[in-house]
Amino acid sequence: METAYAKINLALHVRDKRADGYHELETIFAFAEHGDLLSAEIADTLSLSIDGPFCAELDCGDTNLIIRAAKAVQVAMKTTQGAQLYLTKNLPIASGIGGGSADAAATLRLLIRLWKLDISQEALENIALQLGSDVPACVKSESAIGMGRGEELETVPFAFTGISILLVNPRIPVSTAAIFHAWDGVDKGALDCNHHPIEQGLLQSAIDGRNDLSGPAILLAPQINDVLTSLASQSGVILSRMSGSGATCFALFDNAADCEHAHAAIQSAHPDWWIMTSKLR
Ligand code: C5P
């Protein structure tokens, strides 16, 4: 069993649009203890079955990032081994918390173990990046500073371990490509990661940072503003912001009781929103 840990961008600075169409980023990655769940057993071919709260919105065929990840491993490692994969889809689809990327990364970790593959770090990183910009970070699932497309990683293990987090999504899927496309092209400045020591200072760097995609995301999905307002008004919030390209927003709390209280309050005011309490790992 592998957990596809939910990915949170505590800050996301978009610095430039590159000639290859991707954007140059500076981001602070954090990961929740909870996420989708993936398991596998040896089989003759590759197949995937999905259950869980968001299973109906996902295809389990060749376009699924889990099958694409498994095929990429077969090709790169020249193996014909197969697997029956099982996914419990707990995280909303197209929601800025890395569901698909985390699932792909968990597939890589799981199949390397199941198929007893001896893979180099470089080969693993190549497969991961080919599947998506966030997949290398999700393979590690450790707090990290990400540059480039998000794949140039400086891990800062345990920088946020134990911090209570509330994730809230207004159940509106948003396209990452569309949100990046709507970015205004204005560089609003670098992340300041110069607080020392880095493990303790990274939270302050995140608090001082921004998510440059929240403006364009709110234009396309105005409900994100309601989520942000609702999170910011809770007691005990250290930082609240949108993650990735949205629409999921998060709040970090200075204690678990305030986080649980906020969960209950937001759930009763907005019974149609998706809400998850977790801790950062
Ligand atoms: O890499 P991934 O397939 O997850 O990215 C989805 C889309 O998000 C890309 O096609 C691109 O439009 C946009 N993107 C970007 N710059 C990045 C990461 C993603 O423009 N650094």
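Residues numbered from 1 in each chain as written. Predicted model: local features only at pLDDT ≥ 70, side-chain atom pairs only at ≥ 80, totals over all residues. Heavy atoms only, no water.

(A) Fine view of the overall build of the protein chain. Scanning the protein chain from terminus to terminus reveals nine helices and ten strands. For the protein chain, the spread of C-alpha atoms along the principal axes amounts to about 55 × 40 × 35 Å. Taken over 281 residues, the protein chain has a buried fraction of 52%. Partitioning the contacts of the protein chain with sequence separation of at least 6, the portion at a separation of at least 24 is 73%. (Helix = DSSP H or I, 4+ residues; strand = E, 2+ residues; numbered from the N terminus. Buried < 20%, exposed > 50% of the residue type's maximum accessible area, 1.4 Å probe, protein only. Contact = heavy atoms within 4.5 Å.)

(B) Spatial organisation of the pairing of strand β2 (residues 23–43). Relative to β2, strand β1 (residues 2–17) runs antiparallel, the two sharing 13 bridges. Paired with K7 across the two strands is F31, which belongs to β2. Sheet topology places β2 next to strand β5 (residues 144–148); five bridges connect them, and they run antiparallel. Counterpart to T27 in the pairing with β5 is G146. Strand direction decides the pairing type here: β2 and strand β4 (residues 82–88), joined by seven bridges, are antiparallel. Counterpart to L37 in the pairing with β4 is T88. (Pairing = 2+ DSSP bridges.)

(C) Looking closely at the site of the ligand. By nearness alone, every residue bordering the ligand is listed as G21, Y22, H23, L25, G132, S133, R149, T176, A177 and F180. At a separation of 2.7 Å, an oxygen atom of the ligand approaches a polar side-chain atom of H23. The side chain of S133 places a nitrogen or oxygen atom 2.6 Å from an oxygen atom of the ligand. Protein coverage of the free-state accessible area of the ligand, which is 450 Å², stands at 73%. Counting only elements with at least two residues in the shell around the ligand, the list comes to β2 and α5 (176–181). In the shell around the ligand, the residues fall into four nonpolar, five polar and one charged. (Near = heavy atom within 4 Å. Polar contact = N/O pair within 3.5 Å; in protein donor to acceptor, adjacent residues only side chain to side chain. Areas by Shrake-Rupley, 256 points an atom, 1.4 Å probe, with all protein chains shown as cover. Nonpolar A, V, L, I, M, F, W, Y, C, P; charged D, E, K, R; others polar.)

(D) Region of the structure containing the packing of aromatic side chains. Going through the model one piece at a time under the given rule, you end up with one aromatic pair. Plain terms: the ring middles of F29 and F31 are 6.4 Å apart, the flat faces sit at 25° to each other, and that makes the pair stacked. Comparing F29 with F31, the two get one shared label, buried. Taking NZ or CZ as reference, R149 lies 3.8 Å from the ring centre of Y22, over its face. (Phe/Tyr/Trp six-rings, centres within 6.5 Å; stacked < 30°, edge-to-face > 60°. Lys NZ or Arg CZ within 6 Å of the ring centre and 35° of its normal.)

(E) Quick look at unusual backbone geometry. In this structure, the amide linkage connecting H196 to the following residue, P197, adopts the cis form with an omega of -10°. Tracing the sequence through the fold places P197 in the loop between α5 and α6 (198–208). Located in the positive-phi region is S141, a residue other than glycine, with phi close to 50°. Structurally, S141 can be placed in the loop between α4 (135–140) and β5. Although it is not a glycine, R171 adopts a positive phi angle of roughly 60°. Of note, R171 is situated in the loop between β7 (164–169) and α5. On the basis of relative accessibility, which here comes to 47%, the residue R171 falls in the partly exposed class.

(F) Geometry of helix α2 (residues 99–114). Spanning 16 residues, α2 covers 22 Å between terminal C-alpha atoms, matching the ideal 22 Å at 1.5 Å per step. Where burial is concerned, most of α2 is hidden: 13 out of the 16 residues are buried. Of the residues flanking the end of α2, it is K116, one or two places downstream, whose phi is positive at about 50°. (Expected span 1.5 Å × (residues − 1).)

(G) Representation of the pattern of salt bridges within the structure. The final tally for this structure, using the stated rule, is 13 salt bridges. Several salt bridges converge on common partners, so that one network encompasses E2, R109 and R113. (Salt bridge = Lys/Arg side-chain N within 4 Å of Asp/Glu carboxyl O.)

(H) A look at the side chain of K89. Here K89 shows up in the loop between β4 and α2. Since its relative accessible area comes to 2%, K89 is described here as buried. Apart from the residues lying within four places of it in its own chain, the contact partners of K89 are D36, I50, D51, G52, P53, F54, C55, L58, G99, G100 and D103.

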